[in-house]
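Architecture and fold: a report
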Amino acid sequence: MGSEGKSLPPPGLVNRNSLWLAGVGWVSAVLHNAINHRPPVKSGVHRQFLLATIGWFIGYHVTKYENYTYARLDRDMNEYIKLHPDKFVPKEQKTFAEIVEPFHPVR
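Residues numbered from 1 in each chain as written. Predicted model: local features only at pLDDT ≥ 70, side-chain atom pairs only at ≥ 80, totals over all residues. Heavy atoms only, no water.

Right, let's talk about the packing of aromatic side chains for a bit. The tally for this structure, following the rule as stated, stands at 2 aromatic pairs. Ring centres of Tyr-65 and Tyr-68 lie 6.5 Å apart, and the angle between their planes is 45°; this geometry places the pair in the tilted category. Residue Tyr-65 and its partner Tyr-68 are located together in helix α2 (residues 45-83), separated by 3 residues, close to a single helical turn. Plain terms: the ring middles of Tyr-80 and Phe-88 are 6.1 Å apart, the flat faces sit at 85° to each other, and that makes the pair edge-to-face. (Phe/Tyr/Trp six-rings, centres within 6.5 Å; stacked < 30°, edge-to-face > 60°. Helix = DSSP H or I, 4+ residues; strand = E, 2+ residues; numbered from the N terminus.)

This is how it looks when you write it as structure tokens:
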């Protein structure tokens, strides 16, 4: 990512990737308990917490990398548009009625 990624604001602590990967970590710990014939939710709570925390951490950094990638792509796209304005001339605005065919009900 380099120094460009440091100029972006940090993602929120609660984001979709963190929630999903924390859930995957917790479910994997519960599934491991169930496979080993232990009470799934009541045993190994420390492992459940650890795997959920690791998933949350990985999800946070995945979101951070995702934000950097999309910001870089947006920057490159906007730079290309500025360099080639002839390829991006604005089109005339049409109303919705000009686009849609006339409606003739069949009875």
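That was the structure; now back to the text.
It is worth spelling out the pattern of salt bridges at this point. Side chains that differ in charge, positive against negative, can pair when their charged atoms come close. Inspection of every chain in the model, using the stated rule, returns 2 salt bridges. Its salt-bridge partner being Glu-66, residue Arg-16 comes within 2.6 Å of it at the nearest N-O pair. With Arg-16 in helix α1 (residues 16-35) and Glu-66 in helix α2, the pair connects residues that are 50 residues apart, well separated along the chain. Across the salt bridge formed by Asp-76 and Arg-75, the nearest N and O atoms sit 3.1 Å from each other. Judged by its relative accessible area of 39%, Arg-75 falls in the partly exposed class. (Salt bridge = Lys/Arg side-chain N within 4 Å of Asp/Glu carboxyl O. Buried < 20%, exposed > 50% of the residue type's maximum accessible area, 1.4 Å probe, protein only.)

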